[in-house]
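Here's the letter readout for the chains.
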Amino acid sequence: DNPAADATVAPPPSNHEFEIIVCHGNVIRYFFMRALQLPPEAWLRLCTFNCSLAYFTIRCTGGVSCRSLGDIGHLEPRLLTFSKHHSLNW
């Protein structure tokens, strides 16, 4: 039992898969509604900034959770845009 040797052993491969989809906010809002089994026409009630992030978890049982929708924490306030509006003042 050599602790130093154990530290060099690679961890077992993860069974998790990730897909990154880059698309228009309207498509993300539509996917959000469909994934959560909500009426798709309700996407019109949601607002997402340009370049915002959405994070969904789909479990092997088929259950879906939205971990975040419209996240803009990675952007500086001066870079925020929605439609033709800039920053949070709209």
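Refer to the preceding data block for the structure.
Since we're looking at a predicted model, the values are computed, not measured. (Residues numbered from 1 in each chain as written. Predicted model: local features only at pLDDT ≥ 70, side-chain atom pairs only at ≥ 80, totals over all residues. Heavy atoms only, no water.)

## Focus on helix α2 (residues 25–35)
Then, number 1: The complete set of buried residues in α2 reads I28, R29, F32 and M33. Projected down its long axis, α2 carries its buried residues within an arc of 135°, all on one side.
Then, number 2: Just downstream of α2, Q37 is the residue with a positive phi angle, here 55°. (Buried < 20%, exposed > 50% of the residue type's maximum accessible area, 1.4 Å probe, protein only. Helix = DSSP H or I, 4+ residues; strand = E, 2+ residues; numbered from the N terminus. Arc of directions from axis to C-beta.)

## Observations concerning the environment of E19
Then, number 1: In this fold, E19 is placed in the loop between α1 (3–7) and α2.
Then, number 2: A C-alpha to C-alpha distance of 25 Å links E19 and L79, two positions 60 residues apart in sequence.

## Side note on the pairing of strand β1 (residues 53–58)
Then, number 1: Two strands pair when backbone bridges link them, and β1 and strand β2 (residues 64–71) are joined in this way by five bridges, in the antiparallel orientation. Residue pairing across strands places T57 opposite S65, the latter belonging to β2.
Then, number 2: The antiparallel pairing of β1 with β2 creates a hairpin that spans five residues between the two strands, and G62 there sits at a positive phi of about 100°. (Pairing = 2+ DSSP bridges.)

## Structural notes on the state of the cysteines
Then, number 1: All chains considered together, the criterion is met by zero disulfides.
Then, number 2: This cysteine, C23, is not joined by any disulfide, and C51 carries the nearest cysteine sulfur, 12 Å off.
Then, number 3: Of the cysteine sulfurs around C66, a residue in no disulfide, the closest is that of C23, at 13 Å. (Disulfide = S-S within 2.5 Å.)

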